[in-house]
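# Structure at a glance
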Amino acid sequence: MQGGRMVVSTRFFTDFTPQASFDIKKCELHRLEAGPSETAVLTREQGLQYYRTMQTMRRMELKADQLYKQKIIRGFCHLYDGQEACAMGIEAGINQTDHLITAYRAHGYTFTRGVSVREIMAELTGRRGGVAKGKGGSMHMYAKRFYGGNGIVGAQVPLGAGVALACQYQGNNQVCVALYGDGAANQGQIFESFNMAALWKLPCIFICENNKFGMGTSVERSSASTEYFKRGDYIPGIKVDGMDVLCVREAIKFAADHCRAGKGPIVMELETYRYHGHSMSDPGVSYRSREEIQEVRSKSDPITMLKERMLSNNMASVEEIKEIDVEIRKVIEDAAQFAISDPEPPLDELCNHIFANDLPMEVRGTNPWVKLKSVS
């Protein structure tokens, strides 16, 4: 708006390039004769959708950072900014009917799985309007076919294999994406999951989001082998540029087709980077320099990369991108205001929704004589 009147771009949709083809970085392969496509077709509509989604994730995390520093968000809080191309690329390459489970850096996936910014922000502040009714916080958010947000390092991977087993058992042609970080990659339960998934040819895509640091420890200091895509040994693997949404999308399409064809699981490594520290209690600059972070931002930022592709190929205008940015900022601010003003859940709802059934059940309290009521 300028002076009370709406400013309308003079360019029409017909002025824009409807789609373009891009050369993307070749993936490294393990036990595969051929890999994902080295070219990716992007339509204007897809590009705008990817940009809007990734920018929303970025702004949401920056707002969470601000609210945490104001002590409005408390407890654990692990931010995802810098890794947006991973979540967006995965969702663009699978179906909404497919399944996904991840670790505690989960806000981005909660959003791509269909939960509103408002519900995510309210969960972060522990309010009853949150996606888990204010009882889960940063690490425990869920949606349909999205199984969290899991706080125990690596424990989500065998759960993901179990979901894949259910898909195979039901014969529904669905796959499960089980995500973990480089810090969890040395967990024994991950290798146990690999073994069972390979034995039973489960439709599971095991994805290591390698953001270079497990807490404050670099991958070189924690892993004898940093080629995480080869860790499945007898399972095929792919190493992907996790900062390029098109690279991730094409790799996931390939992996999903592999699983749906009954060939069993596949291991994928998404090479990415987090801009924040491991969690909000970690400033993130004691084990890496500010210059290193800034260099990644300037050379490999996933949102900037997509924006520049679209602008340089006449798939969008600068004004259009700015309008999207303004709109997203408003959505984030509205969600933050809701997350601050919404009431906390009352104590009499403390034990609700513990059980999946709809029968009221008693829950033992702080001593054997205190019984609390639970309603599902």
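Residues numbered from 1 in each chain as written. Predicted model: local features only at pLDDT ≥ 70, side-chain atom pairs only at ≥ 80, totals over all residues. Heavy atoms only, no water.

### Focus: the overall build of the protein chain
Secondary structure assignment for the protein chain yields 11 helices and 12 strands. Its C-alpha radius of gyration of 22 Å places the protein chain within 12% of the 21 Å reference for a compact globule of 376 residues. For the protein chain, the spread of C-alpha atoms along the principal axes amounts to about 70 × 65 × 45 Å. Buried positions account for 51% of the 376 residues belonging to the protein chain. Taking the intrachain contacts of the protein chain between residues at least 6 apart in sequence as the baseline, contacts between residues at least 24 apart amount to 71%. Summing over all exposed atoms, the protein chain offers an accessible surface of approximately 18100 Å²; the carbon and sulfur share of this is 52%. Taken together, the 45 basic and 45 acidic charged side chains of the protein chain have centroids lying 3 Å from each other. (Helix = DSSP H or I, 4+ residues; strand = E, 2+ residues; numbered from the N terminus. Rg over C-alpha atoms; globule rule 2.2 N^0.38 Å. Buried < 20%, exposed > 50% of the residue type's maximum accessible area, 1.4 Å probe, protein only. Contact = heavy atoms within 4.5 Å. Areas by Shrake-Rupley, 256 points an atom, 1.4 Å probe, with all protein chains shown as cover. Lys, Arg positive; Asp, Glu negative; His and termini not counted. Charge placed at Lys NZ, Arg CZ, Asp CG, Glu CD.)

### Some remarks on the environment of Pro302
Here Pro302 shows up in helix H10 (residues 302-312). When its relative accessible area of 1% is taken as the criterion, Pro302 is described as buried. It is 8.4 Å that separates the C-alpha atoms of Pro302 and Met54, two residues lying 248 residues apart in sequence. Discounting residues that sit within four places of it in the chain, Pro302 has contacts with Met54, Arg58, Gly82, Glu84, Ala85, Met243 and Tyr275.

### Side note on the domain arrangement of the protein chain
Per the domain assignment, the segments of the protein chain are domain 1 (19-345) and domain 2 (347-375). Inter-centroid distance (C-alpha atoms) of domain 1 to domain 2 is 34 Å. At the junction of the two partners, domain 1 supplies four residues and domain 2 supplies five residues. Note on domain 1 versus domain 2: buried area summed over both sides is about 350 Å², and carbon and sulfur give 39% of it. If you sort the residues of domain 1 by the area they bury against domain 2, Lys133, Lys135 and Pro345 come out on top, with a joint share of 84%. (Domains from an automatic or database assignment. Buried area = accessible area lost by both parts, 1.4 Å probe.)

### Observations concerning the nonpolar core
By size, the foremost hydrophobic cluster in this structure holds 68 residues, and its most contacted members are Ile90, Tyr109, Ile205, Ile207, Val240 and Met268. Top contributing element to this core by residue count: helix H8 (residues 245-260), with nine residues. Residues Ala161, Cys176, Phe194 and Ile235 belong to the second largest nonpolar core, which totals 21 residues. (Core = buried A, V, L, I, M, F, W, Y, C linked by side-chain atoms within 4.5 Å.)

### Quick look at the sheet that holds strand S4 (residues 99-101)
One open sheet holds the six strands; their spatial order is S2-S9-S10-S6-S5-S4, and the pairing between them is mixed. Of all the strands in the sheet, the pair left with one neighbour each is strand S2 (28-30) and S4. Put simply, the sheet's adjacent strands are angled 20° from each other on average, direction ignored. (Pairing = 2+ DSSP bridges. Axes fitted to C-alpha atoms, helices over the stretch in contact; angles between N-to-C directions.)

### Comments concerning the pairing of strand S11 (residues 361-364)
Note that S11 and strand S12 (residues 371-374) share four bridges and pair antiparallel. By the bridge assignment, Met361 is partnered in S12 with Ser374. The hairpin turn running from S11 into S12, its antiparallel successor, is six residues long.

### A look at the pairing of strand S1 (residues 19-23)
Residues Ala20 and Phe22 of S1 are buried on one face, while the alternating residues Gln19, Ser21 and Asp23, pointing to the opposite face, are not. Alignment of S1 against strand S3 (residues 39-43), held across five bridges, turns out to be antiparallel. Along S3, the bridge assignment pairs Gln19 with Thr43.

### Remarks on the side chain of Arg249
Following the sequence through the fold, Arg249 ends up in helix H8. For Arg249, the side chain forms a polar contact with the side chain of Tyr50, separated by 3.2 Å. (Polar contact = N/O pair within 3.5 Å; in protein donor to acceptor, adjacent residues only side chain to side chain.)

### Details of the pattern of salt bridges
Evaluated as defined, the whole model comprises 17 salt bridges. One salt bridge in this structure joins Glu28 and Lys239, with 4.0 Å as the shortest N-O distance. Remark: Lys239 occurs in strand S9 (residues 237-241) and Glu28 occurs in strand S2; sequence separation between them is 211 residues. Residues Asp244 and Arg309 are paired through a salt bridge, measuring 2.8 Å at the closest nitrogen-oxygen approach. Highlighted residues: Asp244 in the loop between S9 and H8 and Arg309 in helix H10, separated in sequence by 65 residues. With relative accessibility at 13%, the residue Arg309 sits in the buried group. A single network of salt bridges, built from pairs that share partners, joins Glu28, Lys239 and Glu271. (Salt bridge = Lys/Arg side-chain N within 4 Å of Asp/Glu carboxyl O.)

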